[in-house]
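A structural walkthrough
Chain residues, written in single-letter form:
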Amino acid sequence: MEFRYLGNSGLKISEITYGNWLTHGSQIENDVATTCVHAALDAGITTFDTADVYANTVAEQVLGDALAGQRRESLEIFTKVYFPTGPKGPNDTGLSRKHIMESINGSLSRLGTDYVDLYQAHRFDHETPLEETMQAFADVVRSGKALYIGVSEWTADQLRAGHALAKELGISLISNQPQYNMLWRVIEPEVIPASEELGISQIVWSPIAQGVLTGKYLPGEAAPEGSRASDKEAGKFIDRYMNEEILTAVQKLKPIAEDHGLNLAQLAVAWVLQNPNVASALVGASRPEQIASNVAAAGVTLDDAAMHSIDSVLGDLAQQDPSLTKSPESRLV
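Residues numbered from 1 in each chain as written. Predicted model: local features only at pLDDT ≥ 70, side-chain atom pairs only at ≥ 80, totals over all residues. Heavy atoms only, no water.

**Description of helix α4 (residues 130-142)**
Compared with the 18 Å implied by 1.5 Å per residue over 13 residues, the 18 Å span of α4 between its first and last C-alpha is a close match. Every buried residue of α4 is accounted for by Leu130, Thr133, Met134, Ala136, Phe137, Ala138, Val140 and Val141. Those residues of α4 that are buried are in contact with β5 (76-81), α3 (97-111), β6 (116-121), β7 (146-151) and α5 (156-169). Phi turns positive one or two residues past the end of α4, at Gly144, with a value near 85°. (Helix = DSSP H or I, 4+ residues; strand = E, 2+ residues; numbered from the N terminus. Expected span 1.5 Å × (residues − 1). Buried < 20%, exposed > 50% of the residue type's maximum accessible area, 1.4 Å probe, protein only. Contact = heavy atoms within 4.5 Å.)

As structure tokens, then:
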């Protein structure tokens with residue numbers, strides 16, 4: 001396993017982060033989840049990412065149980081706040097001071113830890129003054145309940161505003177968690193340059209495009225039974241890729257992967273890690289053997305010829321519109 005600094009900080013995280021969106025507390029049984037977490041640890045992964053909204057708080061509990069007994073100082077545990085949780089009352093969502101302060105306590109209890117290494121704003125809250133949000137985050141850090149602050153899917157302007165307030169308050173906003181893969185490159189025109197300017201790293205989710213970049217979805221054929229494409233929740237994110245043109249192009253990436261001794265999923269993860277502003281790629285697993293496969297992408301260098309070949313195969317299929325980085329205009333309740 002290779003490690004990278006997270007933003008302009010001294011914190012190092014594993015190039016592969018284990019995430020439990022859509023799996024723990026929902027798609028897989030708890031004993032399988034625990035086996036996957038232990039497989040991640042055995043593979044050298046030290047960084048684990050979750051959120052209070054995943055399985056309506058259950059995913060945090062499952063992850064906490066799976067990590068019980070591990071040396072806390074050897075782990076980096078991340079969680080997030082914003083989306084509705086609990087009974088979904090008017091204050092059970094967003095980035096108000098009330099919701100942040102109550103949510104961090106709930107997350108720590110479920111995770112079985114006194115602090116998280118990174119506490120992230122899961123989206124930008126258009127209904128709460130940014131000053132209120134950042135002051136609450138500052139108080140969370142000063143109380144010792146989080147070491148660093150991060151965000152997810154914030155625009156370049158939102159990152160600049162949040163970073164400026166964090167600096168005034170004496171806390172470190174060091175990361176952004178956006179969707180990023182060969183087919184979804186919307187952070188490249190604006191978010192990446194702003195992040196490089198501010199000392200913010202990306203922890204990217206969906207590096208294999210919800211499974212599309214594994215090559216298992218074939219043009220002209222039905223999606224395999226039990227796959228992400230057949231899952232109601234994941235389907236909202238994967239539908240954009242499920243067309244003949246994209247699926248055909250993905251198959252053409254196989255020779256590039258084979259030339260580097262990789263499968264398509266490993267090529268996809270290695271591709272996002274070629275971007276120096278990416279600190280880590282988030283991967284999930286429903287089976288422990290998937291962990292070993294994903295970890296093989298850590299430390300891989302794709303030469304310029306390979307990167308150009310990938311661009312040539314995908315052509316204009318990759319989405320690069322920066323306006324697609326956005327948060328809900330109103331809180332979701």
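**Observations regarding the packing of aromatic side chains**
Describing an aromatic ring pair means giving the distance of the ring centres and the angle of the ring planes. By the definition in use, this model includes 6 aromatic pairs. When the ring of Tyr18 is compared with that of Phe48, the centres are 5.9 Å apart and the planes differ by 55°; the resulting orientation is tilted. Of this pair, Tyr18 sits in strand β3 (residues 16-19) while Phe48 sits in strand β4 (residues 47-49), and the two are 30 residues apart along the sequence. By relative accessible area, Phe48 is classed as buried at 0%. With a centroid separation of 5.7 Å and an interplanar angle of 80°, the aromatic rings of Trp21 and Trp205 are classed as edge-to-face. Of this pair, Trp21 sits in the loop between β3 and α1 (30-42) while Trp205 is found in the loop between β9 (201-204) and α7 (232-238), placing the two residues 184 residues apart along the sequence. In this structure Trp21 comes out as partly exposed when scored by relative accessible area, which is 22%. Note that Arg72 overlies the ring of Tyr115, its terminal NZ or CZ placed 4.0 Å from the centroid. Over the face of the ring belonging to Tyr241 we find Arg240, whose NZ or CZ atom lies 5.6 Å from the ring centre. (Phe/Tyr/Trp six-rings, centres within 6.5 Å; stacked < 30°, edge-to-face > 60°. Lys NZ or Arg CZ within 6 Å of the ring centre and 35° of its normal.)

**Topic: the sheet that holds β5**
Overall, parallel pairing links the 8 strands, which are arranged β3-β4-β5-β6-β7-β8-β9-β10 in a closed barrel. Mean inter-strand twist for the sheet, computed between neighbouring axes without regard to direction, equals 30°. Bridge analysis of β4 against β5 gives 3 bridges, and the strand direction is parallel. Residue Phe48 lies in a different strand from β5, and its bridge partner there is Ile77. Running over the sheet, α1 touches β3 and β4 and is turned about 170° from β3. Across the face of the sheet, α5 comes into contact with β7 and β8 (173-176) while running at roughly 155° to β8. (Pairing = 2+ DSSP bridges. Axes fitted to C-alpha atoms, helices over the stretch in contact; angles between N-to-C directions.)

**Observations concerning unusual backbone geometry**
A positive phi angle, near 55°, is found at Ala209, a position not held by glycine. Unlike most non-glycine residues, Gln210 shows phi in positive territory, near 55°. Checked against the element boundaries, Gln210 lands in the loop between β9 and α7.

**Details of the packing of α1 against helix α2 (residues 58-67)**
For any two helices packed against each other, one specifies the inter-axial angle together with the distance between the axes. For the pair α1 and α2, the least separation of the axes is 9 Å and the interaxial angle reads 55°. Our classification of the angle between α1 and α2 gives oblique. Along this stretch, α1 crosses α2, giving a crossing that reads as right-handed. Seen from α1, the contacting residues are Asn30, Ala33, Thr34, Val37, His38 and Leu41; seen from α2, they are Val62, Leu63, Ala66 and Leu67. Looking at side-chain class alone, the contact of α1 with α2 contains 7 nonpolar, 3 polar and no charged residues. (Parallel < 35°, antiparallel > 145°, perpendicular 65-115°, else oblique. Left-handed = near helix turned anticlockwise from the far one by under 90°. Nonpolar A, V, L, I, M, F, W, Y, C, P; charged D, E, K, R; others polar.)

**What to know about the packing of α2 against α3**
Where α2 contacts α3, the two axes come as close as 7 Å, and the packing angle between them is 40°. Classified by the interaxial angle, the pair formed by α2 and α3 is oblique. Where α2 abuts α3, its residues Glu60, Gln61, Leu63 and Gly64 lie against Ser107, Arg110 and Leu111. A per-class count over the contact of α2 with α3 returns 2 nonpolar, 3 polar and 2 charged.

**Thoughts on the pairing of β6**
Of all 6 residues in β6, 6 are buried, a share of seventy percent or more. Of the strand pairs in this sheet, β5 and β6 are connected by 4 bridges, and their pairing is parallel. Bridge pairing in β6 places Val81 opposite Ala121. Taken together, β5, α3 and β6 constitute a β-α-β crossover, and its handedness is right-handed. Regarding the hand of the β-α-β motif, the stretch spanning β6, α4 and β7 is right-handed. (Right-handed = clockwise from strand over helix to strand, strands pointing away.)

**A word on the pattern of salt bridges**
Side-chain pairs of opposite charge can arise where the charged atoms are in close proximity. All told, the structure shown has 13 salt bridges when counted by the stated rule. Here Lys80 ties to Asp49 by a salt bridge, and the two come within 2.7 Å at their closest N and O atoms. Note that Lys80 is positioned in strand β5 and Asp49 in strand β4, a separation of 31 residues in sequence. Residue Lys80 shares its accessibility class with Asp49, and that shared class is buried. Asp311 serves as the salt-bridge partner of Arg185, at 2.9 Å between the closest nitrogen and oxygen. Of the two residues, Arg185 sits in the loop between β8 and α6 (191-198) while Asp311 sits in helix α12 (residues 304-314), which places them 126 residues apart along the sequence. The exposure class of Arg185 is buried, given its relative accessible area of 14%. (Salt bridge = Lys/Arg side-chain N within 4 Å of Asp/Glu carboxyl O.)

The values reported here are purely geometric and, on their own, carry no functional implication.
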